[in-house]
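The chain contents come next:
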Amino acid sequence: QVQLVESGGGLVQAGGSLRLSCAASGRTFSTYTMGWFRQAPGKEREFVAAMSWNGGRKDYSDSVKGRFTISRDNAKNAVYLQMNSLKPEDTAVYYCVSDDSYTTVVGSGRIDYWGKGTLVTVSS
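Below or above, wherever it landed, is the structure these notes cover. (Residues numbered from 1 in each chain as written. Predicted model: local features only at pLDDT ≥ 70, side-chain atom pairs only at ≥ 80, totals over all residues. Heavy atoms only, no water.)

### Here's the deal with the side chain of asparagine 77
Looking at the element boundaries, asparagine 77 is found in the loop between β7 (68-73) and β8 (78-83). Given a relative accessible area of 15%, asparagine 77 falls into the buried group. Within the structure, the side chain of asparagine 77 is placed 3.0 Å from the backbone oxygen of arginine 27, a separation counted as a polar contact. Among residues more than four places away in sequence, those in contact with asparagine 77 are Cys22, Ala23, Ala24, Arg27, Thr28, Phe29 and Ser30. (Helix = DSSP H or I, 4+ residues; strand = E, 2+ residues; numbered from the N terminus. Buried < 20%, exposed > 50% of the residue type's maximum accessible area, 1.4 Å probe, protein only. Polar contact = N/O pair within 3.5 Å; in protein donor to acceptor, adjacent residues only side chain to side chain. Contact = heavy atoms within 4.5 Å.)

The structure is reproduced here in structure tokens:
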């Protein structure tokens, strides 16, 4: 059974940093695109960042570009999201995702695998 398990969420003050981790199990994700989405209270889920299987392609939403960095460790079947200069509007549940199509993840298409999410709360 494929599982994506996020960790690293929590409460942080505006301007602070957090690093989210996602551990994948149940298959080898080294050839899959990995990414992050988020859903703020009362809002639709939105794309945050994606990284191709070999790291050759990365994309970020305009709202996080320059502040967030996605990375992955294929040997550990893991993906990370370093979040710096956090703002109250970054408050959301953050979801790890994986799909064999990069364009599906970046385009918020029908993604194969989702984690259950980790809550990030940024206080002002």
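Further notes follow.
### Examining the nonpolar core
Judged by nonpolar contacts, the single largest core of 27 residues is most densely connected at Trp36, Val48, Phe68, Ile70, Leu81, Met83 and Tyr94. Taken together, the elements giving at least two residues each to this core come down to β3 (18-25), β4 (33-39), β5 (46-51), β7, β8, β9 (92-99) and β11 (118-123). Beyond its immediate stretch of four places on either side in the chain, phenylalanine 68 contacts Arg38, Val48, Tyr60, Leu81, Gln82, Met83, Asn84, Leu86, Asp90 and Tyr94. (Core = buried A, V, L, I, M, F, W, Y, C linked by side-chain atoms within 4.5 Å.)

### Considerations on the pattern of salt bridges
The tally for this structure, following the rule as stated, stands at 4 salt bridges. Of the charged contacts in the structure, one is a salt bridge between arginine 38 and glutamate 46, with a shortest N-O distance of 2.6 Å. Note that aspartate 62 is salt-bridged to lysine 65, the shortest N-O span being 3.3 Å. Since its relative accessible area comes to 66%, aspartate 62 is described here as exposed. One salt-bridge network, in which partners are shared between bridges, spans Arg38, Glu46, Arg67 and Asp90. (Salt bridge = Lys/Arg side-chain N within 4 Å of Asp/Glu carboxyl O.)

### Concerning the pairing of β11
Alternating positions in β11 separate cleanly, Thr118, Val120 and Val122 being buried on one face and Leu119, Thr121 and Ser123 remaining unburied on the opposite face. Pairing of strand β2 (residues 10-13) with β11, which is carried by 4 bridges, proceeds in the parallel orientation. Counterpart to leucine 11 in the pairing with β11 is threonine 121. Bridge count for β9 against β11 is 3 bridges, and the pairing is antiparallel. Counted as the bridge partner of tyrosine 94 is threonine 118 from β11. (Pairing = 2+ DSSP bridges.)

### Notes on the packing of aromatic side chains
Considering all chains together, one arrives at 6 aromatic pairs under this definition. Between the aromatic rings of phenylalanine 29 and tyrosine 113, the centroid separation amounts to 5.8 Å while the plane-to-plane angle is 80°, which identifies the pairing as edge-to-face. Of this pair, phenylalanine 29 sits in the loop between β3 and β4 while tyrosine 113 is found in strand β10 (residues 113-114), placing the two residues 84 residues apart along the sequence. Ring centres of tyrosine 95 and tryptophan 114 lie 6.2 Å apart, and the angle between their planes is 75°; on these two criteria the pair is classed as edge-to-face. (Phe/Tyr/Trp six-rings, centres within 6.5 Å; stacked < 30°, edge-to-face > 60°.)

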